[in-house]
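# Close look at the chain arrangement
Each chain, written out:
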Amino acid sequence: MTETLVATGARRRTRPAVIDCDIHNTVPAPAALLPYLPREWHDYEREIGSRIYHGYLYPKLAPNAARRDAWPPTGGPPGSNLPFLREQLLDLYDIELGVLNCLHDGYRQMNGRYSAVLTAAVNDWQVAEWLDPEPRLRASIVIPVQDAEAAAGEIRRCARDPRFVQVLTAIRVHEPLGKPRYWPIYAAAAECGLPFAIHYGVAVANPPTATGWPSYYLEEHTGAALAVQTHVASLIFEGVFQRFPTLNVALVEGGFAWLPSLMWRLDRYWQEYRVELPWVDRPPSEIIRERVKVTTQPIEEPPDPRHFWKVLEQLGSDDMLMFATDYPHWDFDAPGQALPNGLSRELERKILADNARAFYRF
Amino acid sequence: MPKLVDANVHAVVASETVLLPYLSAHWRDYVTSSGVRAPDTAAYPRSLPPAARAEPAPEAGLPGSRAEHAARTLFDNWSVDVAVLNCQYGVSAIHNADLAAALAAAVNDWQVEEWLAVDPRFRAAIVVPNQEPEDALRELERCATRTGFVQALLPVRSETPYGKRRWHRFFEAAAESELPVALCLGGGYGMPTSSSGWPSFISEEHVDVSQAAQSQLLSLVTEGVFERFPRLRVVIVECGFAWLPSLLWRFDKNWKALRNEVPWVKRLPSEYLLEQVWLTTHPLEPATATDLLDTIDMLGGADKLLWGSNYPRYDAPSPQAAFPPGVPDAVRHELLGGNATRLYQL
C-alpha cells in the first residue's frame, strides 16, 4: 500500500507512510520519576542519586546533543515535552508510528539495585506520560542490562503491555552482548516475542575503543558504529541466534554502510575458525540478513551516489533498513530529505515503513 | 615488470634465548634469571591456516623463526622479490619501559644480523616500544639510517590513541626520515580488545582489530597528525581494508558538522586518509572479484593496497592465488608489488 488514510484532522496522507524507529523521549528531571519510584528509594534518590560509570565526557555539538530548536518553549530539555514533540515531529512529518528509545541513565548505574528500580520507573513513566496520551507512539523496555535476571523480570513485566515493542540497551556495556551472562535477557525477549535493540550509547566501564579514550566528540561519534560491530560479532559467534531461534535484533543509530564489509569479515573468520564456533551453523551474513535490521540514521552520504546504491546491493536484502529520525538530536534525519532520490517506490516504502511494520508486527 | 613484494611477513622470535646475544649484560642477566617471556600480542591460535600447514618448520623453533626457511618459501617457491618483515614480538606487553626498550633494540639488531644479513631481499620494520613515546623516538632514530629498515612498527592497539600529542615528535621524526609508520595487528596487552570488554573467541578478536585500526586513524586525523606532517605515511597491517569506504563517508559527514571542535583539521578527513594511509590486504575480506573491485572503486583506486601474505600464517598457497579470479592484471600487479615498490622506494 502506498497511501494510508490518517484520521488526524481528517487529512489524507498522500505521501508514503513513515514509521520513525528512533525517537528519544527524555526524562525532564530526576524528580519526574519520583511518582514511579518505590517510596523506599526516595531517600536514596534525594541523598545519593545517579552514579554512573565515569569517563565518558565529550562536549557535544550542542547541549544535550540536540537540535537547538528542539528545546520546548515551556521548559525542560529536548524530548521531554510531548505536545512539542507532536508539533515538531509527529504532526509535522505525519509520522504514522514512532518507536521511543529512552536513553535514561538508569541502565548504567554503578549501583545495580538502583539500576533495576530506575529502569522500572522509567518504563512506568513511559506508559503514563507517553503511551497513554499518544496512540502513535510505541516504546522500548529499558533494562538493568548488567543484571540479566533482573532485566528478564522487567521484560516479562512490561511485555504485558503490547505497546512495548522491543527491549533496549545502549552499547558499551561490560562485555560483548553475546556472552552467556546476558542470555536470560534474550530468553525473556524471545519468550515475549520482542526484538532486542542495540543503540549507540555511552560508556559503561570501558573506553569506547580498544585503543583507549578518544580526545574529541568528532572522533568518538565517528567511532560509534565500531562499538555496534563488536556486539554483532559477539551475538553471531556466541550462537545467540541459534540458542534463541525467534530472537531478532535491531541496530539503532549506528548507520549501516559498514555492514557489508562487516559481513565479509565475519564470514571469513567464521570459515577459518570454525573449530571454535561449532554452533554457528551457517554463514554470519545469512544470519544477519534473516535476523538483524538496521535503522538508517545517521545515514551515510558517499560523495558518489553510485556507491550508496552499491551498499544497498551489497546488503543483499531490501528488508533490512528501517527509517529513523533520531529526534531531537543534532544529526536528525528528516523524512523526505534523508533518503537519496532514485529509490524505487517499493524500496522507499519498505525503508520508510514496511520493514518496521514487519519487524515490530505493527 | 613490477616487483613482487610481500608487504607483511612475520619474523617470529622463538624464545628470549634468541635475543640474549643482542642484550646488554644487565638485561641478559635479568631476562635469564626472571624467565620473562613476552607474548605474541596478536594472539594467533596454535595451528596455522590450511594453506600454510605444509610449511616446513625449522628443526628448532616455530614456523617463521628462521630466515633460511622463510627465504625458501618466499623467494624460491613464490618468486617474491622483496619481503617486508613486521615482527610482532610483544614488546608492547612489557610494563617496564626500560626493559621494553631494551628488548625492542634487541629485536631490531636480531633482524639485522639474522634476517637482513641472510638474504638481501628481506626488508624490516623498526620495532619500537610504545610505553614511552620518547623511547620509541630514540629507537626509531637509532635504526632509521641502517640499511634494510623500511618502516617503523607499532602495534595497532594501545593504551591511548596514537594521535595524542605525546606521540607527535615520533610521527614528525618518522615523516622526516621518510619512514612509514606501520600499525600492525596486536598490542593493547592487558586491555580489553573490544570497545565493550573482552571477547570470547579469536574470531571476535580478529573482527575487533579492524575497529582498533579505525580508531587509530580517527585519532591521527582529529589530533592533526596528518595535517601537521603531510609527508607522514601510515600503513595499516593485517587489520583489513574493506571497512575504509564507510569510515570515510561517516567521518567526512561528521567533520562537516563538528569541525569547530578540531579547527586544525583543515581538509576533509577522507583526503588525509586517501593520501597518507596504505593498507595490507590479507586476510582478505572481500572474497569475490566483484566485492574486491567494488571496494577499490569506492576508494577511488587500488593504489594504497599492499599484498601481504602474513607468512608463516598465509591463507593463500601463493601470491598468484592471493586474489580471486576476475581481478584485472593491471590491478593485480599494483596489489602484488607495484604499490609497495613505490611506498618503500624499492
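Parameters and conventions
Residues numbered from 1 in each chain as written. Chains lettered and ligands numbered in written order. Predicted model: local features only at pLDDT ≥ 70, side-chain atom pairs only at ≥ 80, totals over all residues. Heavy atoms only, no water. Helix = DSSP H or I, 4+ residues; strand = E, 2+ residues; numbered from the N terminus. Rg over C-alpha atoms; globule rule 2.2 N^0.38 Å. Buried < 20%, exposed > 50% of the residue type's maximum accessible area, 1.4 Å probe, protein only. Contact = heavy atoms within 4.5 Å. Areas by Shrake-Rupley, 256 points an atom, 1.4 Å probe, with all protein chains shown as cover. Lys, Arg positive; Asp, Glu negative; His and termini not counted. Charge placed at Lys NZ, Arg CZ, Asp CG, Glu CD. Arc of directions from axis to C-beta. Polar contact = N/O pair within 3.5 Å; in protein donor to acceptor, adjacent residues only side chain to side chain. Pairing = 2+ DSSP bridges. pLDDT = per-residue confidence, 0-100. Phe/Tyr/Trp six-rings, centres within 6.5 Å; stacked < 30°, edge-to-face > 60°. Lys NZ or Arg CZ within 6 Å of the ring centre and 35° of its normal. 1 Å grid on protein atoms, 1.4 Å probe; cavity = no way out; pocket = protein on both sides within 12 Å on 5 of 7 lines; lining within 4 Å. Points joined across faces, edges and corners; volume = space filled by probe spheres on them. Nonpolar A, V, L, I, M, F, W, Y, C, P; charged D, E, K, R; others polar.

The number of helices and strands found in chain B is 11 helices and eight strands. What you see for chain B is a C-alpha radius of gyration of 19 Å, in line with the 20 Å of a compact globule of 346 residues. On the principal axes, the C-alpha backbone points of chain B span a range of 55 × 45 × 40 Å. A burial count over chain B gives 66% of its 346 residues as buried. Excluding contacts between residues fewer than 6 apart, the proportion of contacts in chain B whose partners are at least 24 apart in sequence is 80%. Of the accessible surface of chain B, which amounts to about 12300 Å², a share of 51% is contributed by carbon and sulfur atoms. Distance from the positive charge centre (30 side chains) to the negative charge centre (41 side chains) of chain B: 3 Å.

All names here are of chain A. Considered for burial, the residues of helix α2 (residues 82-90) that qualify are Leu82, Phe84, Leu85, Gln88, Leu89 and Leu90. Each buried residue of α2 lies within a common arc of 165° when the element is viewed along its axis, so the set occupies one face. Of the residues in α2, the exposed ones pointing more than 90 degrees away from the buried face are Pro83 and Glu87. Looking at the buried positions of α2, the neighbouring elements they touch are β1 (18-23), β2 (95-100), α3 (112-131) and β3 (137-142). Structurally, the start of α2 carries an N-cap: the backbone nitrogen of phenylalanine 84 is 2.9 Å from a side-chain oxygen of asparagine 81.

Strands in a sheet are paired, the pairing made by backbone hydrogen bonds, and the direction either parallel or antiparallel. All names here are of chain A. Spatially, the eight strands line up as an open sheet ordered β1-β2-β3-β4-β5-β6-β7-β8, and their pairing is parallel. Edge positions in the sheet fall to β1 and β8 (321-322), since each has one partner strand and no second. Bridge count for β3 against strand β4 (residues 164-170) is four bridges, and the pairing is parallel. Residue isoleucine 141 lies in a different strand from β4, and its bridge partner there is valine 167.

With that out of the way, let us pick up the confidence of the model for chain B. Here chain B averages 95 in pLDDT, and 99% of its residues register 70 or above. In the model output, the complex is listed with pTM 0.95 alongside ipTM 0.95.

What follows concerns the packing of aromatic side chains. All names here are of chain A. Within the structure shown, the criterion is met by 28 aromatic pairs over all chains. Taking 5.9 Å as the distance between ring centres and 65° as the angle between the ring planes, the aromatic pair formed by tryptophan 125 and tryptophan 130 counts as edge-to-face. A single burial state applies to tryptophan 125 and to tryptophan 130, both of which are buried. Ring geometry for tyrosine 217 and tryptophan 330: centres 6.3 Å apart, planes at 70°, overall edge-to-face. Taken as a pair, tyrosine 217 in helix α6 (residues 217-222) and tryptophan 330 in the loop between β8 and α12 (345-360) lie far apart in primary sequence, 113 residues in all. According to the relative accessible area criterion, tryptophan 330 is buried, its value standing at 16%. The structure contains a cluster of three or more aromatic residues connected by ring pairs, namely Trp183, Tyr186, Phe196 and Phe244. Just above the ring of phenylalanine 332 sits the side chain of arginine 67; from NZ or CZ to the centre is 4.5 Å.

The next subject is the layout of surface pockets. Estimates place the volume of the largest pocket at around 920 Å³. As for the largest pocket, its lining consists of 39 residues, of which A:Thr26, A:Leu103, A:His104, A:Asp105 and A:Arg108 are closest to the centre. Going through the elements one at a time, α3 and α6 of chain A are the ones with two or more residues in the lining of the largest pocket. Per-class residue counts for the lining of the largest pocket are 21 nonpolar, 11 polar and seven charged. Reported here for the second largest pocket is a volume of approximately 530 Å³. A:Arg268, A:Gln271, B:Leu284, B:Glu285 and B:Ala287 are the residues nearest the centre of the second largest pocket, which is lined by 26 residues in total. Elements represented by at least two residues in the lining of the second largest pocket include exactly α9 (259-272) and α10 (284-291) of chain A.

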